Amino acid sequence: MDRDDVKQRVYGVIASVLKMDEGRIEESHSFTADLGAESVQSVELMAGFEEEFEIEMDEDDALAVQTVGGAIDFIGKHLD
């Protein structure tokens with residue numbers, strides 16, 4: 001799976017969990033500062049990514065990821 005595929009699916013999960021339009025999401029965005037995710041939503045995002053990509057992520061490592069681009073790269077590493 002290439003990075004663009006991962007990116008589109010990550011954007012889809014974010015849009016669904018945070019109830020926002022995918023067009024408002026950018027790779028440079030911070031989940032909390034730019035997208036307004038609260039701690040509960042951060043956990044929901046992680047669960048959404050695990051379900052979407054059928055992967056298991058370490059919770060501490062996953063919650064340390066602060067940006068959309070970071071999440072794309074983090075998930076990409078789990079898929080290789």
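One can find the structure itself at the top, above this paragraph.
This report concerns the structure included in the present document.

Parameters and conventions
- Residues numbered from 1 in each chain as written.
- Predicted model: local features only at pLDDT ≥ 70, side-chain atom pairs only at ≥ 80, totals over all residues.
- Heavy atoms only, no water.
- Helix = DSSP H or I, 4+ residues; strand = E, 2+ residues; numbered from the N terminus.
- Buried < 20%, exposed > 50% of the residue type's maximum accessible area, 1.4 Å probe, protein only.
- Contact = heavy atoms within 4.5 Å.
- Areas by Shrake-Rupley, 256 points an atom, 1.4 Å probe, with all protein chains shown as cover.
- 1 Å grid on protein atoms, 1.4 Å probe; cavity = no way out; pocket = protein on both sides within 12 Å on 5 of 7 lines; lining within 4 Å.
- Points joined across faces, edges and corners; volume = space filled by probe spheres on them.
- Salt bridge = Lys/Arg side-chain N within 4 Å of Asp/Glu carboxyl O.

So, about the overall build of the protein. The helix and strand inventory of the protein stands at four helices and zero strands. The linear arrangement of helices and strands in the protein, starting from the amino end, is α-α-α-α. For the C-alpha atoms alone, the extent of the protein along its principal axes is close to 30 × 25 × 20 Å. Within the protein, the fraction of its 80 residues that count as buried is 40%. Relative to all contacts within the protein whose residues are 6 or more apart in sequence, the contacts with residues 24 or more apart total 54%. For the protein, the exposed area adds up to about 4800 Å²; of that, 43% sits on carbon and sulfur atoms.

The subject of this paragraph is unusual backbone geometry. For Lys 19, which is not a glycine, the phi torsion comes out positive at approximately 50 degrees. You can see Lys 19 is positioned in the loop between α1 (3-18) and α2 (39-53). Even without glycine at this site, Glu 54 takes up a positive phi of about 55 degrees. Along the chain, Glu 54 falls in the loop between α2 and α3 (59-64).

This next bit is on the layout of surface pockets. Estimated volume of the largest pocket: approximately 230 Å³. As for the largest pocket, its lining consists of 16 residues, and the residues nearest its centre are Phe 31, Ser 42, Ala 62, Leu 63 and Val 65.

The subject of this paragraph is the environment of Glu 44. Relative to the assigned elements, Glu 44 resides in helix α2. For Glu 44, a relative accessible area of 39% corresponds to the partly exposed category. Along the chain, Glu 44 and Val 13 lie 31 residues apart, while their C-alpha atoms are 9.5 Å from each other.

Summed over all chains, the structure comprises four salt bridges. The partner of Arg 3 in a salt bridge is Glu 27, and the shortest N-O contact between them spans 2.9 Å. Here Glu 27 lies in the loop between α1 and α2 and Arg 3 lies in helix α1, a separation of 24 residues in the sequence. Of the charged contacts in the structure, one is a salt bridge between Glu 27 and Lys 7, with a shortest N-O distance of 3.4 Å. Of this pair, Glu 27 sits in the loop between α1 and α2 while Lys 7 is found in helix α1, placing the two residues 20 residues apart along the sequence. Salt bridges here are not isolated pairs; linked through shared partners, they connect Arg 3, Lys 7, Glu 27 and Asp 73.

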